[in-house]
Every structure is written in C-alpha cells, then in structure tokens.
2 protein chains.
Amino acid sequence: MSSEAGRRASRRSTRSVTLAEVAEHAGVSPQTVSRAIRTPDVVSEDTLERVQASIRATGYVPNLAASNLASNRSNTIAVLIPAVSASVFADTVQGLDSVLAPHGYHLFIGTTEYSLQQEEATLRALLGRRPDGVVLVGTEHTPEAQALLAAARVPVVESWELTQHPVDSVVGFSNYAAMSALFEHVHALGYRCPVLAGQFAGGDVRALRRRAAFEDGMRRLYPGVPVRILDSGAAGVSLDAGRDLFRQVRSELPRADLIMFASDVFATGATLEAVRSGVAIPGELGITGFGGFEVGRHLVPQLTTMAIPSRRIGEEAGRVLLERIAAGGRQTGEARIVDVGHTLVLGESTVWQR
Amino acid sequence: MSSEAGRRASRRSTRSVTLAEVAEHAGVSPQTVSRAIRTPDVVSEDTLERVQASIRATGYVPNLAASNLASNRSNTIAVLIPAVSASVFADTVQGLDSVLAPHGYHLFIGTTEYSLQQEEATLRALLGRRPDGVVLVGTEHTPEAQALLAAARVPVVESWELTQHPVDSVVGFSNYAAMSALFEHVHALGYRCPVLAGQFAGGDVRALRRRAAFEDGMRRLYPGVPVRILDSGAAGVSLDAGRDLFRQVRSELPRADLIMFASDVFATGATLEAVRSGVAIPGELGITGFGGFEVGRHLVPQLTTMAIPSRRIGEEAGRVLLERIAAGGRQTGEARIVDVGHTLVLGESTVWQR
DNA sequence: TTGTACGCGTTATCAG
DNA sequence: CTGATAACGCGTACAA
C-alpha cells in the first residue's frame, strides 16, 4: 500500500454531474461536450444532438466556478447599492439587469448601508468573485476601495452622482444642480421662508450635496434669512420620519412657508399628515420632494418634486459596461461621463405666492 | 525547441495577485497563507503577522471561484424573486441578508418575472454557481425545476406560501387563509356587495390563491350574490392600475359597497383617487388592501388590510438555511414548515355597516 | 470536426 | 505548526 503513491480518495463531495460524465455518456471527449455548449455551430449536428441528449439524461448543470477559473471570465457584474429595500436603487438594479441579462451577465448584489467602510468590505468580498464589471452608487470611496477598484482591472461605473474624475466612468446627475434648480423654482414662486428637512446624518453623501445646494441657495437668494435645516437623525428614510419632520416644522418653525424635503418619501409622509391634521397644502404651507416617485403624482395635492431617472441610470450603466467589456474589458483611461439629467415636476403642493 | 515539452504561454490574463505570490512575498508556503486566512488560530502568531503584512502589501484578494472549486463550498445562497423592484420581496431579501451576512454568506439574486419558465431558466443559471442553499418565492415550479432542486442536494427554502409537501422546507403563510380571514371580517362588518380587484393574469400564483379565497367566501357567505372580479390585466401592480381599477368599479359596478384589492399598492392608488374625486371612504364605499405596507397607516383614511411579515419571512428562511447547512448541508427528508402567519389591520377604510 | 495535454488558483490530505 | 502534492471541473492551445 505504501507504494501506491499518489492514490487518494476523491474529494468530490457534492457529486454533481460533471462534463466528463456527460462525455462518457455520449461517447465523446469532454472537450466536445464543452464545445457543444459554448460553440454549438462548430460541432457536427449528429454529435450535437447526442451530447444534448446526454446533458438532459444526466441532468448536467455546468459548474460556473470551474468555467470562471479556466476562462478568466465570470459573466458576472458586481453591484453595490446602499440598501436593497430602497426602491430607487431597486429601479436602478432593474434597469441594469434588463440591459445585461440578455448578454448573459448576472448581477451580484452587495449592500453598503450608506457607509464607506461597509462599501469597502463588501467590495472586497465581491471582487473575490472576479466580476467582469463593477457598478457602484456614489463617487466617494475609501482610498483602499479606490485601490481595489484600480487593481481589479475591470470596467467600473460609478452612479447617482457626477464627477469629472471617475475611477473609470460615471453615470448619474448632479444632486447639487438638481436641488439648485428646484430651489430656484420655488424662489421664483415667491416663497419667503423655505426650510430643508431630511436625513443628513446617515452617511448619504448625495443627501449632503442636496443640503449644500439648499444652503448656498439660501445665502444667494435669501440674504439675511436664517438657514433652517431639520434632520430626522437616526430615524431613517420613511413615511414615519416624514410625518415627524412635518410636525416638527409646524411646532418649531411656525414662520416657514415651504418645506423642501430631501426625498419624496419624507414629502409623502408629510403630505398625508397635513391632510390628516387639516393643514392646507399649498395654502398654508408649500411642500416639495426629491426623486420623482410614482406616489407623488397620486398624492392630493400632487407633489412638486425633482424627478430622477433612476431606472435609466441602471440602463446606461449597463450599456457603458457592455461597451467597455467589448473593448477589451479593461479600464482604458479615457473617462466616460454620462449625465442623465433631472426633470422638474410641477405639482400642486407649491403655488405662486401672491 | 520541440523537446521543450509542456512549455506553454501562461493563460493568466487578469494577472491579479495570487495566493502563491503572497506566499513568496512572505517566505512561506501557499498552504500557510491559505490557513492564515481561513483558520488563523492554527497558525503561529509570528507567521500570521508576516502573512497579513504581505497580503496588504500585495493587495491580495482571494479568488473565490478557485476556493469554491477546491472546497466545494461557495458561501453563496441563490435567491429567486419575482422582481427586484417589488418592495415586498426586497424586504424579504433584506431579512435574508441580515441573517446570512454575519455568517459569511452572500446572496445571488435572480428574478423570475412571475413566470415558472423564467424561474427554471434563472434557477439553472444560479445553480451553476453551486450555491450552498436556495431560496425561492412560491411553491409551484416546473417539473424540471423540481428535478434541478432535488439534484442540487443543498437546502432549499420555498417561501411566501405554505405547502405540506415542500421540496425541502417552506417559510410562509397561507394566502388563502389570510384572504379568507379578511373576507370574514368585512362580511361581519355587514358589507353587502364586495368586489375583488387586482392583477390575476400576470402569473402570480399567490394572487390566484387570494382570488380563490374571495370566490369561495362569496359562495359561502353571500349565496346568490354574483361574484365580481376586476382584473387590471397587463397593467402590472402600480398605483396607476389601482386608480384605474377604482374608476372601473365606480362606472361599471355602481352597486358595489366594498372593493377588496389584492395588494396594498392598488388600494393606495384607489384611496388617493377617491380623495381626489371626492368619493367618501368609507362612507360611500369601503376599501381593503393586502400586504400591510407602511403607506397604509399613513393614508387618509387609514387602510384596512392584511399584514404579511415579509421581512420575517426572509429572516426565518435564513435561519432554516443556516440550520440545515450546519446539519450537513443536504436535504434531509424531514420537511420543515414555518408559518409566519398574518395579521388583520383594522383601518378607517372600512366601517360597520348600519 | 474531434481529441490530448495542460493550467486556472485554491483547498484537502497526509507527512514531517 | 508547516510544507508538499494532488485534486476540484472546465477552457485554451495545439495536434490530428
């Protein structure tokens, strides 16, 4: 026995059907089976049929980990979003999937919980899967994350923001410009004392950009008027938080004539609370949102908001990835910047003042 | 040259750092590096530090495809949901992730578009990744999908429904029982002519169960009263569809005194349309939903609905998976059935009749 | 059109 | 506690 060098017990534990077993069943070489799957037109019709029959008979499911290892392609795109349950990003993911799935790419989704540290950790884990591309939300990352992305040597798309210096490419819009445009609109309507309400302590960088736009707008268009900002704190982005912010404004800032919410979610909770408590919108108080969710069009009064094409962000990101992958799969150095823009939605929740 | 047998160009194309390179850098064997990562406590403190330094210095990111291949474990759970953007399932995914992530499992998400054929195709693709577990929405699958699941020999959790004969285990509730309970409640309130509205042509099996509960309820508690059901058809589950269904009921079924919607989404669109068009709810017409979404509590009037613990479904599914994986990772044969139940939410959109 | 011989990067196994 | 060696399942390169 000691001379039986090299004989070891098989390590296969799952005992799933392999390519070799299909080959044996069909009476061809493993390589032919591989070809029958990946490049059927290069195999004779006769063998092709035989192999396909054997695949069905054996219930063969290709091991993509092995395929990945051998070919250096995973047909996988890593997607990092703040949270799965945040519907705006779900739309982006849906858009991504709709563009990439037809090309055989699957999405590997990781969440960051709006934390750059968490993003780095998740990114590290996802890169272990050797994705053919990466999609991130945001343009701010830890230095380590930046290094990881650079070392990965695959196309990277940052999104939901714009920057002149993306890691590779970026698909998004300017949160600052969008909020500024909305601000200028309500200023033109004649509002005298706008306040901002939202969540700014949760690590959402994009919300901070919107806040900056509000602050700068106040200084520029309302010199002398105090800048009032209410933060929901740890409450998160929810209808409850919107309701609470509304109540807080009513009790603490009675002179406010307009509440600009950092998200349609807050604005919806606030609008419904106004209805319930009998506060006339826009008569007593104006309300604006941000995001352009479906519910805004249904609210009574309809919500004035800034619509963001969240699904299109995903679709464009998918196209950029496909393009880059086709071009060699590497980051080329020439940054690609796609601005999907924003659209002012004039609702009934704001009105011409006098 | 011809005698230089076996010399070939390297096939490595991505040239990412490998375990061997870290080993060389640290002056140890590859196996020691592997151990330093996977079982640090079995490595001497001295070497451990050296290896960790080398990992940082080289920017090493483990190739999980290789790890997967060698160890037969992917630390991956495949999740199949009807759609990413359907918020109920997003909550389930979030719940799953919250339980599984701490144990090192990542989710691979695939969508089925409410189609069993699509489910089978997506399942096939995901199984190629050799997940350590599978979570599905629904208990109905194609025969081929059933075979695939059986052959995969990993824990499988079906969800959002109940069955006495799951593939492996099931976490959910009875859509029939939930809808029946809601129906009995409104019957007890004294409604005389309830109608059902929703989407039943889209392939959503769970919606069909709710419809069956409505039909049976009508036959049982309203003998002689015609069974009225409105289908939004291809419109999908949206606020727009809810608004349109509401209008349709008003114009086509003027004698209806209660609309039972198959989803809170429809009910929300309908309630807001009622507010806009000046129809008194519950005065002129009662409304119920299904799902127990946050928005229902904020609507004016608050929505009467049947709440489903969608996040808890994910959490329980995660626990079942962990348990099964710990127990050997295979389907054991003893089905595990977890009923998360349902909760009647009494809102203001229905009221005692007379 | 088909077959043969590696190699992809990691871990299991066994020996030291 | 550490190292050497052989898998894991498939694709690439080359030969036939």
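The rules behind the values
Sequence order sets the numbering: in each chain, residues are counted from 1 along the sequence as written. Following the order in which they are written, the chains are lettered starting with A and the ligands numbered starting with 1. Under the rules for a predicted model, residues below a pLDDT of 70 receive no local features and side-chain atom pairs below 80 are neither given nor counted, while totals for whole chains, interfaces and linings still include all residues. The side-chain quantities take in all heavy atoms of the structure and omit both hydrogens and water. A 3.5 Å cut-off defines polar contacts: any pair of N or O atoms within that distance qualifies, except that in protein one atom must be a possible hydrogen donor and the other a possible acceptor, and neighbouring residues in sequence count only when both atoms are side-chain atoms. Note on conventions: DSSP H or I runs of at least 4 residues are helices, E runs of at least 2 residues are strands, and numbering of each starts at the N terminus. UniProt positions are given in the numbering used here, feature names are shortened, and annotations may be inferred rather than shown by experiment. Any two strands are treated as partners once DSSP identifies two or more bridges connecting them. Each axis is a line fitted through C-alpha atoms, and for a helix only the stretch in contact is used; angles between axes span 0 to 180 degrees, taken between their N-to-C directions. Contacts: residue pairs with any heavy atoms within 4.5 Å of one another. Between 30 and 60 degrees the pair is tilted, below 30 it is stacked and above 60 it is edge-to-face, where a pair is any two Phe, Tyr or Trp rings, Trp via its six-membered ring, whose centres lie within 6.5 Å. Partly exposed residues are those whose accessible area sits between 20% and 50% of the maximum for their type, while under 20% is buried and over 50% is exposed, using a 1.4 Å probe and protein chains only. Note: pLDDT gives the predictor's confidence per residue, expressed from 0 to 100. To line up the copies, we fit them by least squares on C-alpha atoms, keeping just the residues with pLDDT of at least 70 in both. Note that the term roughly parallel is reserved for angles under 35 degrees, roughly antiparallel for angles over 145, roughly perpendicular for angles of 65 to 115, and oblique for everything else. The nonpolar class holds Ala, Val, Leu, Ile, Met, Phe, Trp, Tyr, Cys and Pro. Asp, Glu, Lys and Arg form the charged class, and all remaining residues, Gly among them, are polar.

- An unreviewed UniProt entry annotates chain A as LacI family DNA-binding transcriptional regulator of Leucobacter allii.

1. Some remarks on helix H4 (residues 64-71) of chain B
Okay, step 1: Capping the start of H4(B), Asn63(B) holds a side-chain oxygen 2.8 Å from the backbone nitrogen of Ala65(B), two or three residues further along.
Okay, step 2: Of the residues trailing H4(B), Asn72(B) is marked for its positive phi of about 65°.

2. Some remarks on the UniProt feature "domain: HTH lacI-type" (unreviewed entry) in chain A
Okay, step 1: Following the UniProt record, one finds the feature "domain: HTH lacI-type" (unreviewed entry) at residues 17-71 of chain A.
Okay, step 2: Along residues 17-71 of chain A the backbone is 71% helical and 0% strand, and the end-to-end C-alpha distance reaches 20 Å.

3. Some remarks on the sheet that holds strand S7 (residues 229-231) of chain B
Residue and element names in this part refer to chain B.
Okay, step 1: Sheet architecture is open: four strands sit in the order S7-S6-S8-S9, paired in parallel fashion. The open sheet is flanked by S7 and strand S9 (286-288), the only strands paired with a single partner. Ignoring strand direction, the axes of neighbouring strands in this sheet form an average angle of 20°.
Okay, step 2: Two strands pair when backbone bridges link them, and strand S8 (residues 258-261) and S9 are joined in this way by three bridges, in the parallel orientation. When the sheet's bridge partners are listed, leucine 258 is paired in S9 with glycine 286.
Okay, step 3: Docked against the sheet, helix H8 (residues 175-189) engages strand S6 (194-198), S8 and S9, running at close to 170° with respect to S8.

4. Describing the packing of aromatic side chains
Okay, step 1: By the definition in use, this model includes nine aromatic pairs over all chains.
Okay, step 2: With a centroid separation of 5.8 Å and 70° between ring planes, the pair formed by Trp160(A) and Phe173(A) is classed as edge-to-face. Taken together, the residues Trp160(A) in the loop between strand S4 (156-159) and strand S5 (169-172) and Phe173(A) in the loop between S5 and helix H8 (175-189) connect sequence positions 13 residues apart.
Okay, step 3: Between Phe183(B) and Phe214(B), the aromatic rings sit 5.5 Å apart at their centres with planes inclined by 85°, giving edge-to-face as the arrangement. Of this pair, Phe183(B) sits in helix H8 while Phe214(B) sits in helix H9 (residues 205-221), and the two are 31 residues apart along the sequence. Summarising the burial analysis for this pair, Phe183(B) and Phe214(B) share the class buried.
Okay, step 4: An aromatic cluster is built from Phe89(A), Trp160(A) and Phe173(A), whose rings are joined through pairwise contacts.

5. Topic: the sheet that holds strand S8 (residues 258-261) of chain A
Residues and elements named next belong to chain A.
Okay, step 1: With parallel pairing, four strands are arranged side by side in an open sheet as S7-S6-S8-S9. At either end of the open sheet lies a strand with only one pairing partner, and these are strand S7 (229-231) and strand S9 (286-288). Strand after strand, the sheet turns through a mean of 20° between neighbouring axes, direction not considered.
Okay, step 2: Note: strand S6 (residues 194-198) against S8, four bridges, orientation parallel.

6. Quick notes on the confidence of the model for chain A
Okay, step 1: When the pLDDT values of chain A are averaged, the result is 92; 94% of them are 70 or greater.
Okay, step 2: Confidence drops under pLDDT 50 across residues 1-8 of chain A; counting only partners more than four residues distant or on other chains, this segment forms zero contacts.

7. Overview of the relation of the copies chain A and chain B
Okay, step 1: Aligned on chain B, chain A shows an RMSD of 0.1 Å; the corresponding rotation is 180° and the shift along the axis is 0.0 Å. On this basis, the relationship between the two copies can be described by a two-fold rotation axis. Relative to the rotation axis, the C-alpha of Ala65(A) is the closest in chain A, positioned 2.4 Å from it.
Okay, step 2: Interface overlap between copies is the fraction of interface residues in one copy that are interface residues in the other; for chain A against chain B it reaches 100%, indicating a shared surface.

8. Describing unusual backbone geometry
Okay, step 1: Looking along the chain, the bond that leaves Val300(A) and enters Pro301(A) is cis, with omega of 0°.
Okay, step 2: With respect to the helices, strands and loops of the structure, Pro301(A) is situated in the loop between helix H12 (294-298) and strand S10 (305-307).
Okay, step 3: Phi at Arg153(B) is positive, roughly 55°, even though this residue is not glycine.
Okay, step 4: Within the secondary structure layout, Arg153(B) lies in the loop between helix H7 (143-152) and strand S4 (156-159).

9. Digging into the packing of helix H1 (residues 19-26) of chain B against helix H2 (residues 30-38) of chain B
Residue and element names in this part refer to chain B.
Okay, step 1: The N-to-C vectors of H1 and H2 enclose an angle of 100°; their axes lie 8 Å apart at closest approach. Taken together, H1 and H2 sit at an angle that is classed as roughly perpendicular. Residues Leu19, Ala20, Val22 and Ala23 of H1 pack against Pro30, Val33, Ser34 and Ile37 of H2.
Okay, step 2: Across the contact of H1 with H2, the residue classes tally to seven nonpolar, one polar and no charged.

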